[in-house]
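Below, each chain spelled out in residue letters.
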Protein chains: 2
Amino acid sequence: MNIALLGFGTIGSGVYELINLNKGKFESNFTDLATQKSRPAITKILERDITKDLGDSVGVIVTDPKEILEDDSIGIVIALMGGMDFEYEMIKACLKAGKHVVTANKAVISEYFAELQALAKENGVVLRYEASVGGGIPIIGTLKEEMRINRVTEIKGILNGTTNFILSKMTEEMAGFEDTLALAQSIGFAEADPTADVEGYDVSRKLSILSSMAYEGIVRDEDVYKRGITDIGAMDIEMTKSLGYVVKFLGHSILDGKRDVYTTVEPVLFKAASIMSNVNSEFNIISITGDIIGELQFYGKGAGKDATANAVVGDVLYILNIVGEQNLPRPLRLNRKLNKLGTGIFKGKYYLRANLNDKESLDQVLSALETVASRKTVIVNDNHVYVVTSVIAANEFNAMAEKLRETVPEFFYARIYE
Amino acid sequence: MNIALLGFGTIGSGVYELINLNKGKFESNFTDLATQKSRPAITKILERDITKDLGDSVGVIVTDPKEILEDDSIGIVIALMGGMDFEYEMIKACLKAGKHVVTANKAVISEYFAELQALAKENGVVLRYEASVGGGIPIIGTLKEEMRINRVTEIKGILNGTTNFILSKMTEEMAGFEDTLALAQSIGFAEADPTADVEGYDVSRKLSILSSMAYEGIVRDEDVYKRGITDIGAMDIEMTKSLGYVVKFLGHSILDGKRDVYTTVEPVLFKAASIMSNVNSEFNIISITGDIIGELQFYGKGAGKDATANAVVGDVLYILNIVGEQNLPRPLRLNRKLNKLGTGIFKGKYYLRANLNDKESLDQVLSALETVASRKTVIVNDNHVYVVTSVIAANEFNAMAEKLRETVPEFFYARIYE
């Protein structure tokens, strides 16, 4: 069976190296004499740049999608172009053409999850997306397996390598956000436009995929409460450290009862002595809680060429393994009607730092806090006020903060994880 | 297809609850009309105590193994008796009778790994043992999957819930080993005879299973260097804490080049700010490093009724899923000739505490250390000497310590993980 690749960027070339250039152990899966002849390879790559060096003579770069869609020798298509519309249309067309699809595209999966899964089933093929969440961490396959026995009730994790690199570096160097973002951009750890990472869209897409799978109904990207990390200053790193905390960018969802889903992507403070606080740089961690198994956590590289390519090729091997078997794996249930209820279930003490730009600011901050917190610790220092509150429900604090922003524009706050 | 259970202890009854009593989602795997009729159940349980309450009328307790071995309606046998000889013979007999086997018995798997795997293959059945390592952590299945692409070069982990509970409790309470062991025994977290746990036999069996799988050749329990945790005193907990470390009981193996394997089970000091240091109580963590994927870590309950039963039932579902398919999964390669080379590859700074029982003890300790360590920090206090050395190879330090034991019998030491 031949394979086609859509896109020959970083991950695409990593996949090509594993499958065609024998980096790693792909070939050892086909060592029997009978199967060796049919060792699969990437024969066509859809790319605009036809001058790219493929390193062997097996693959050919094509520019016309029809070259892949109408080629009956191609049974698996690996979609790694990124972006939204074109890749979505290509994945649909491939499924309709009876080709199995493997993708790392979290935007497409998150947006069209139920439709694409149904389309795969209709056409008797398999859609796999292990690399769409957690890079090299085998979370998608494991979540599917655990769900065969468990009702999953909670998912939380550090799901974005770029922002975790930035926050780890800020913590290590006691540095500010802008400088650290610039550093991350200069060494290729952040994109020129970092919005999707630092504002939480990337985490939110990954969280919505995991939550849809776990809770058996569609949770959409836009259902997720999102608050980014751009307001975090060096003074916050310093103060939270002295309080014994480390700031992390957390995606978190909870299923309460049968249908009530709460989701949030926001900066959260963890005790320095915790597993989460010690997940650094581009590493990710994902925690799932099931009613039988309890909590499981999975740690690994959340991004990077080889780790992500490893996940993609794992999906390819999975498909090659079931081709010719009698029964395709049963698709996930995604049709449970879920109530998506914002952040109402989350609560905790809060840390808040505000810049005091004029005489009234301090009073404005404190009276705003008065409306939600009965007790609090207040430190005023160098035109900043730092506050740690008693336990408050997240939706109350978020609403208060939104209102406060009208009069005191510069502040940062984070829930403290208990 | 019917299932038989060998042993109705804690894990056995947990498995019975999941499969027969519909705790969890086992039944939802058979919701299609066609498969519902054939929903598998445990119909026979081998147990001495025939008065046990099964909670339903599907399962029957039998006392004669033949009742299971000669019952053609039974396709899967779950072996959870524990111990060695009888379970080993039963597993062999079941495989020979053409029955798939699922077991949690690390002693049997570790001792007869290659033989049992070959026997399964010969008889066209599957042998699964997910619950034998890491309790509820899905490490066996994941390791198999990752090895399809990666050459695994390193495994390390906290693999024993009892000793991790004891060490966590000692760290939390600044308590001594004997008192904490007694506490663990009183609440059922340690057995009356704790030798297998506290001397490292349990960890060593798990490490030998993972290492055999990962390095594709047999690593036996007796190949593993083992040093237990019974020498750790409250003063060690206090001193290492003040130095910024936490003591953990680590299983660790490394493949160097193609054939050289190094294995060790011993107390190791980790920086307080690390993931390993924050794995507490009965939780386990397992790290595997592959040449493509980098490091992956898996965290979860290493013991306990539900978590372990979850892993067992996962294996049962795996088998039910492939019954009737054309190709059984390819067995692991276990025939690579490995050189088992002790602890030669490990090195680090060492922490040592010795009791000074007479005037000569201090000199004896310091001159013994002189033979291996060029630089060291020495603290003498309350009839104890505490030393932190420069970096030393593990086999040198271990040999020195063994010799020192002849003149200064009471001391504890641990390598500091860098």
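Draft legend 1. A look at the environment of Glu199(B). All names here are of chain B. Tracing the sequence through the fold places Glu199 in the loop between helix 9 (195-198) and helix 10 (201-215). Taking the C-alpha atoms as reference, Glu199 lies 17 Å from Arg405; in sequence the two are 206 residues apart. The contacts of Glu199, once residues within four sequence positions are left out, are Lys226 and Gly228.

Draft legend 2. Representation of the sheet that holds strand 4 (residues 74-79) of chain B in the model. Residues and elements named next belong to chain B. Overall, parallel pairing links the six strands, which are arranged 3-2-1-4-5-6 in an open sheet. In the strand order of this sheet, the two ends are held by strand 3 (60-62) and strand 6 (127-128), each with one partner. Of the strand pairs in this sheet, strand 1 (residues 2-6) and strand 2 (residues 41-46) are connected by five bridges, and their pairing is parallel. Within strand 2, the position partnered with Asn2 by the bridge is Ala41. Along the sheet, helix 1 (residues 10-19) contacts strand 1, strand 2 and strand 4; its crossing angle with strand 1, the most-contacted strand, is approximately 160 degrees.

Draft legend 3. The sheet that holds strand 5 (residues 100-103) of chain A, seen in detail. Residue and element names in this part refer to chain A. Strands sit in the order 3-2-1-4-5-6 across an open sheet of six strands; the sheet is parallel. Each edge of the open sheet is held by one strand with a lone partner, namely strand 3 (60-62) and strand 6 (127-128). In the sheet, strand 5 pairs with strand 6 via two bridges, with the strands oriented parallel. Opposite Val102, over in strand 6, you have Arg128 as the bridge partner.

Draft legend 4. Structural detail: helix 6 (residues 139-146) of chain A. Among all positions of helix 6 of chain A, only Ile139(A), Ile140(A), Thr142(A), Leu143(A) and Glu146(A) are buried. The buried residues of helix 6 of chain A occupy one face: seen down the axis, they fall within an arc of 165 degrees.

Draft legend 5. Expanded view of the nonpolar core. In this structure, Ile78(A) and Ile78(B) are the most contacted members of the largest nonpolar core, which totals 262 residues. Excluding residues within four positions of it along the chain, Ile78(A) makes contact with Ile3(A), Leu5(A), Leu6(A), Val15(A), Val102(A), Val312(A) and Val316(A).

Draft legend 6. Examining the domain arrangement of chain A more closely. All names here are of chain A. For chain A, the domain assignment lists domain 1 (2-128), domain 2 (148-301) and domain 3 (347-416). For domain 1 and domain 2, the distance between their C-alpha centres works out to 30 Å. Counting residues at the interface gives seven residues for domain 1, matched by seven residues for domain 2. Each residue belonging to the side of domain 1 that touches domain 2 can be placed in one class, and the counts come to four nonpolar, one polar and two charged.

Draft legend 7. Representation of the interface of chain A and chain B within the structure. Contact with chain A, which involves 38 residues of that partner, is made by 38 residues of chain B. At the level of elements, helix 6, strand 12 (294-301) and helix 12 (305-322) of chain A are the ones that each hand at least two residues to the side of chain A that touches chain B. With eight residues, the top contributor of residues to the side of chain A that touches chain B is strand 12 of chain A. Considering only residue class, the side of chain A that touches chain B consists of 16 nonpolar, 14 polar and eight charged. Note: strand 12 of chain A against strand 12 (residues 294-301) of chain B, three bridges, orientation antiparallel. What sits directly across from Phe298(A), in strand 12 of chain B, is Phe298(B).

Draft legend 8. Molecular detail of the relation of the copies chain A and chain B. Note on the identical chains: chain A maps onto chain B by a rotation of 180 degrees and an axial translation of 0.0 Å, with an RMSD of 0.0 Å. Here the copies are linked by what is in effect a two-fold axis. Both copies contact each other with a shared surface, as 100% of the interface residues of chain A are interface residues in chain B too.

Draft legend 9. Structural context of the pairing of strand 12 of chain B. Residue and element names in this part refer to chain B. The buried fraction of strand 12 amounts to six of the eight residues, a majority that puts the element mostly inside the structure. Where strand 11 (residues 283-290) and strand 12 come together, eight bridges link them in antiparallel fashion. Considered in strand 12, the bridge of Gly290 is made with Gly294. Between strand 11 and strand 12, which pair antiparallel and follow one another directly, the connecting turn spans three residues.

Draft legend 10. Focus on unusual backbone geometry. Even without being glycine, Ser281(A) reaches a positive phi, approximately 55 degrees. Positionally, Ser281(A) belongs in the loop between strand 10 (260-271) and strand 11 (283-290). Here Ser281(A) falls in the partly exposed class, since 15 other C-beta atoms lie within 10 Å of it. A positive phi angle, close to 65 degrees, is found at Glu216(B), a residue other than glycine. Relative to the assigned elements, Glu216(B) resides in the loop between helix 10 and strand 8 (225-226). Classification of Glu216(B) as partly exposed rests on a count of 18 C-beta atoms within 10 Å.

About the cut-offs
Residues numbered from 1 in each chain as written. Chains lettered and ligands numbered in written order. Predicted model: local features only at pLDDT ≥ 70, side-chain atom pairs only at ≥ 80, totals over all residues. Helix = DSSP H or I, 4+ residues; strand = E, 2+ residues; numbered from the N terminus. Contact = placed C-beta atoms within 7 Å. Pairing = 2+ DSSP bridges. Axes fitted to C-alpha atoms, helices over the stretch in contact; angles between N-to-C directions. Buried ≥ 20, exposed ≤ 12 C-beta atoms within 10 Å, placed from the backbone. Arc of directions from axis to C-beta. Core = buried A, V, L, I, M, F, W, Y, C linked by C-beta atoms within 7 Å. Domains from an automatic or database assignment. Nonpolar A, V, L, I, M, F, W, Y, C, P; charged D, E, K, R; others polar. Least-squares fit on C-alpha atoms with pLDDT ≥ 70 in both.

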